[in-house]
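Listed below, chain by chain, are the residues.
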Amino acid sequence: MAIIFRNGKIITGTGEIFRKGLVALAGPIIDYVGPEKRLRTSKNDQVIDLMGNTILPGIIDCHVHLCMDGSPDSMVSLLKESIPILTLKTAHHVRLTLEAGLTTVRDMGGRDYVDISIRDGIRSGLLPGPRMVCSGKMICMTGGYGWPYSREADGPEEVRKAAREQIKAGADVIKLMATGGILTKGVDPGAAQLSLEELRAGVEEARKADRRTATHAQGKEGIKNSLRAGIDSIEHGISLDDEAIALMLESKAFLVPTLSPPERIVGEGVKAGIPSSLIERARSAMKRHLDSVVKAYKMKIPIAMGTDAGTPLNRHGENLKELELLVKMGMSPMEAIVSATKTASEVLGLEGKIGTLEKGKLADLIVVDGDPLEDITLLQKKGRIKIIMKEGQFYKSHLHA
Ligand SMILES: [Zn+2]
């Protein structure tokens, strides 16, 4: 039995549009994408009339923390929960994420490998959720950013060992902490942390095992250390100067800006009772961050969507607010969609399988009521996503409801 979507507007994720098109599947694989044509169908085929609604690739979020709950003090709740409760909460978060239209996410730091267990549970069909690419524990210096739930490591040899431990535990990607950040008390957000030599050791070890690397990097020195170490993606990139941009272009690193966390903390922090010192740290980072992302965008650095979902007030299932923020930053709605589909798949090294609607790729797709190219916020509105499919399997199908 084949599934055929017809009479839809197709956004393929490559930048291409078919105003009235057809997507046909063969099992979990896309078999045809293009203009409407006469298809020979058998009576077992399921033909779905999209009635002019828009079909696009399943959305990919390159930076989430599924073990964190997005509460005002999500770092504290991450640490205080028992492992069974944390696992149940994470299972709840993956469901919310999938139901928001995200068919793939990259988890950038959990606790005690709960992220990896949940990934494996989704893979084996135990629970519904997006495809997950996991980092396991983040690797930071002693007392560095995120230390209470990270693997602390000092010196290249220990970072090497820490990377090996993550790979042994099943990590798909290695996350290295190159600078401080705003959420760990007593840590200077802009200061460099893991050194160039330490980052190099982590990257080298990841490469040997064919794993990608990502770095939490806010300040200039840590960003440059990461790029000189050969990192694959800069997460946040709050202070990018011309030299950092030149290094990014040279090394072909991606930027995953995560505009959501400061926006949430500054916008909703007072009402949620977040300490004013944290709100101030977020506010002071926001302007610099935006300037850096605009600069990167103008210099054509590949930008992939990531939300940092799970951090304070940055709730799972509200990920697609980030697309609106990318458009406010200067992207066209089409560019924002490409950043959350094609470019995001490239960050994960999964561009051969997902990220676009093209023949031969896995059928990860969503159908939205209306045209997100006219209004990008449609994608974050309740009930507007009518169909969610991952690998040819429906997780939501409410088109005619
Ligand atoms: Zn993060």
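Since we're looking at a predicted model, the values are computed, not measured. For every chain, the first residue of the written sequence is number 1, and numbering continues from 1 along that sequence. The model is predicted, so local features are restricted to residues of pLDDT at least 70 and side-chain atom pairs to those at 80 or more, both for listing and for counting; the totals for chains, interfaces and linings are taken over all residues. As a convention, hydrogens and water are excluded, and side-chain values are obtained from all of the structure's heavy atoms.

## Focus on the overall build of the protein
To keep it simple, the criterion reads: Only DSSP runs of H or I covering at least 4 residues are called helices, and only runs of E covering at least 2 are called strands; the numbering of each starts at the N terminus. This radius of gyration counts C-alpha atoms alone. The globule rule is 2.2 Å times how many residues there are, raised to the power 0.38. Under the scheme applied here, a residue whose accessible area is under 20% of the maximum for its type counts as buried, over 50% as exposed, and between as partly exposed, the area being computed with a 1.4 Å probe on protein chains only. Any pair of residues with heavy atoms lying within 4.5 Å of one another is described as a contacting pair. Here the Shrake-Rupley method, with its probe set to 1.4 Å, supplies the accessible areas, and only the displayed protein chains count as covering residues. Think of it this way: Lys and Arg go in the positive column, Asp and Glu in the negative one, and His and the chain ends go nowhere. By convention, the point assigned to a charge is CZ for Arg, NZ for Lys, CD for Glu and CG for Asp.
Each helix and strand counted, the protein has 12 helices and 17 strands in total. In summary, the protein has a C-alpha radius of gyration of 21 Å against a globular reference of 21 Å for 401 residues, a match within 12%. Its C-alpha atoms give the protein principal-axis dimensions of about 65 × 45 × 40 Å. For the protein, buried positions account for 59% of its 401 residues. Across the protein, the fraction of contacts at a sequence separation of at least 24, relative to all contacts at a separation of at least 6, is 67%. Counting every atom, the protein has about 15900 Å² of accessible surface; 52% of that belongs to carbon and sulfur. In the protein, the 55 positive side-chain charges and the 51 negative ones have mean positions that sit 4 Å from each other.

## Digging into the coordination of the zinc ion
Note the following rule: Water is absent from the atoms considered, so a metal site may look incomplete; donors are defined as N, O and S atoms within 2.8 Å of the metal, or 3.2 Å for Na, K and Ca.
Coordination sphere of the zinc ion, protein contribution only: His63 (NE2), His65 (NE2) and Asp308 (OD), at 2.1 Å. Sequence spacing of the donors to the zinc ion: H-x1-H-x242-D. In this pair, His65 is assigned in the loop between β6 (59-64) and α1 (74-80) and Asp308 in the loop between α9 (276-298) and α10 (321-329), connecting sequence segments 243 residues apart. A relative accessible area of 4% means that His65 is categorised as buried. The class for Asp308 is buried, based on a relative accessible area of 8%.

## Quick look at the pattern of salt bridges
Defined as follows: One speaks of a salt bridge when a side-chain nitrogen belonging to Lys or Arg is within 4 Å of a carboxyl oxygen belonging to Asp or Glu.
Tallied over the entire structure, the rule returns 38 salt bridges. Note that Glu165 is salt-bridged to Arg151, the shortest N-O span being 2.7 Å. Placement of the pair is Glu165 in helix α4 (residues 156-169) and Arg151 in strand β10 (residues 151-152), with a sequence separation of 14 residues. We note a salt bridge from Arg160 to Glu204, for which the minimum N-O separation is 3.2 Å. Here Arg160 is found in helix α4, whereas its partner Glu204 is found in helix α5 (residues 196-208), with 44 residues between them in sequence.

## Here we look at the sheet that holds strand β7 (residues 102-107)
What counts, and what does not: Strands qualify as paired when DSSP identifies two bridges or more between them. The axes are straight lines fitted to the C-alpha atoms, using for helices just the contacting stretch, and the angles between their N-to-C directions are given from 0 to 180°.
Spatial ordering of the open sheet is given by β6-β7-β8, a layout of three strands whose pairing is parallel. Two strands close off the open sheet at either side, each with one partner strand: β6 and β8 (131-134). Averaged over all pairs of adjacent strands, the angle between their axes in this sheet comes to 15 degrees, without regard to strand direction. Across four bridges, the pairing between β7 and β8 is parallel. Directly across from Val105, in β8, lies its bridge partner Met132. Against the sheet, helix α3 (residues 114-123) contacts β7 and β8, and its axis sits at roughly 150 degrees relative to β8.

## Side note on the pairing of strand β2 (residues 17-26)
If a strand is regular, its side chains alternate between the two faces of the sheet. Alignment of strand β1 (residues 2-11) against β2, held across seven bridges, turns out to be antiparallel. By the bridge assignment, Ile10 is partnered in β2 with Phe18. In this structure, the hairpin formed by β1 and β2 is closed by a connection of five residues, where Gly13 is found at a positive phi of approximately 95 degrees. Where β2 lies against strand β3 (residues 29-35), six bridges are found, and the strand directions are antiparallel.

## What to know about unusual backbone geometry
What is expected of a backbone is that most residues other than glycine have negative phi and most peptide bonds are trans. Phi angles above zero are rare outside glycine, and Tyr113 is one such case at about 65 degrees. Inspection of the secondary structure assignment puts Tyr113 in the loop between β7 and α3. With phi around 80 degrees, His236 is a residue other than glycine that occupies positive phi space. The residue His236 is located in strand β13 (residues 233-236) in this model.

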